Amino acid sequence: EPEVTQTPSHQVTQMGQEVILRCVPISNHLYFYWYRQILGQKVEFLVSFYNNEISEKSEIFDDQFSVERPDGSNFTLKIRSTKLEDSAMYFCASRQGLDGYEQYFGPGTRLTVT
Amino acid sequence: SQQGEEDPQALSIQEGENATMNCSYKTSINNLQWYRQNSGRGLVHLILIRSNEREKHSGRLRVTLDTSKKSSSLLITASRAADTASYFCATDGVGYGNKLVFGAGTILRVKS
């Protein structure tokens, strides 16, 4: 069964460094999302992406964040200058579009900023 | 805000018993989705119920939706130890982008 994959599973970085989190959505899906979950807290929406542009972004998704679909398969989240409070689990999700509203999540990347 | 909330926050039952989790939300929705998360792992999609549906079944799962009360319930019948996990409802509100808004979740523990 097709699934969303994410790499790396765990990333440790120093404050101020740039990180790129990678996702491969399900192949025939058209809509892509990033969410994050700070330890012990709710899953929070960051950004949605469709037709090579951002559809919607949350207040969390400020200028230090960017997303890109560099080719036909990958979907990336870049954090330019990481802060301690960026430490969280980051989930990528995709949905088919048209009549398919189910969002399928990847296994997540645990980002630890030291 | 379309924040949903689940109750109870935690539920502990014996294997074979049924588990019911409830979710409330605040705004109009396109659909509501339920997810399972094992400790520290990814979110597994369980079931989606559309705003014009009242009940949906998938295996041992039964989901109901009451849009007049802005609430949903997830019933897991004949629970197993492997059902131990956190369960979240997520609402897809009316609007562009179809972002999901998650509740805080119910932690289910099934004792064998």
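Residues numbered from 1 in each chain as written. Chains lettered and ligands numbered in written order. Predicted model: local features only at pLDDT ≥ 70, side-chain atom pairs only at ≥ 80, totals over all residues. Heavy atoms only, no water.

Structural notes on the environment of Arg-95 of chain A
With respect to the helices, strands and loops of the structure, Arg-95 of chain A is situated in strand β9 (residues 88-95). With a relative accessible area of 2%, Arg-95 of chain A lands in the buried category. Residues Arg-95 of chain A and Thr-76 of chain A lie 19 residues apart in sequence; the distance between their C-alpha atoms is 16 Å. Once residues lying within four places of it in the same chain are set aside, the contact partners of Arg-95 of chain A are His-29, Leu-30, Tyr-31, Tyr-33, Gly-100, Tyr-101, Glu-102 and Gln-103 of chain A together with Asn-98 of chain B. (Helix = DSSP H or I, 4+ residues; strand = E, 2+ residues; numbered from the N terminus. Buried < 20%, exposed > 50% of the residue type's maximum accessible area, 1.4 Å probe, protein only. Contact = heavy atoms within 4.5 Å.)

Describing the packing of aromatic side chains
Inspection of every chain in the model, using the stated rule, returns 14 aromatic pairs over all chains. Between Phe-49 of chain A and Phe-75 of chain A the ring centres are 5.2 Å apart and the planes differ by 40°, which places this aromatic pair in the tilted class. Taken as a pair, Phe-49 of chain A in strand β5 (residues 43-50) and Phe-75 of chain A in strand β8 (residues 75-79) lie far apart in primary sequence, 26 residues in all. Residue classification places Phe-75 of chain A among the buried positions, given a relative accessible area of 0%. Their ring planes at 85° and their centres at 5.8 Å tell us that Phe-105 of chain A and Phe-102 of chain B sit as a pair that is edge-to-face. With Phe-105 of chain A in strand β10 (residues 104-105) and Phe-102 of chain B in strand β10 (residues 100-102), the pair connects residues from two separate chains. In textbook terms, an aromatic cluster arises when at least three aromatic residues are bridged by ring pairs, as seen for Tyr-33, Tyr-35, Phe-45, Phe-91 and Phe-105 of chain A together with Tyr-35, Phe-88 and Phe-102 of chain B. (Phe/Tyr/Trp six-rings, centres within 6.5 Å; stacked < 30°, edge-to-face > 60°.)

Re the interface of chain A and chain B
Chain A puts 21 residues into the contact, and the matching count from chain B is 24 residues. With both chains or domains summed, chain A and chain B bury close to 1800 Å², and 53% of this area falls on carbon and sulfur atoms. Among the residues of chain A in contact with chain B, Lys-42, Tyr-101 and Phe-105 of chain A are the three that bury the most area, contributing 31% of the side total. On the surface where chain A and chain B come into contact, there are two salt bridges. (Buried area = accessible area lost by both parts, 1.4 Å probe. Salt bridge = Lys/Arg side-chain N within 4 Å of Asp/Glu carboxyl O.)

A word on the sheet that holds strand β7 (residues 61-66) of chain B
All names here are of chain B. With respect to topology, five strands assemble into an open sheet ordered β1-β3-β8-β7-β6, the strand pairing being antiparallel. Edge positions in the open sheet fall to β1 (5-7) and β6 (55-58), since each of these has one partner strand only. Strand-to-strand twist in this sheet, taken as the mean axis angle between neighbours without regard to direction, amounts to 20°. Here strand β3 (residues 19-24) pairs with strand β8 (residues 71-76) via six bridges, running antiparallel. Its bridge partner lying in β8, Ala-19 is registered against Ile-76. (Pairing = 2+ DSSP bridges. Axes fitted to C-alpha atoms, helices over the stretch in contact; angles between N-to-C directions.)

Brief notes about the sheet that holds β8 of chain A
Residues and elements named next belong to chain A. Pairing in this open sheet of four strands is antiparallel, and the strands run β1-β3-β8-β7 from one edge to the other. Each end of this open sheet is capped by a strand with a single partner; those strands are β1 (5-7) and β7 (65-68). Each strand axis lies, on average, 20° off the axis of its neighbour in the sheet, ignoring direction. One ladder, built from five bridges, connects strand β3 (residues 19-24) with β8; its direction is antiparallel. Its bridge partner being in β8, Ile-20 is matched across the sheet by Lys-78.

Just geometry here; none of it tells us what the structure is for.
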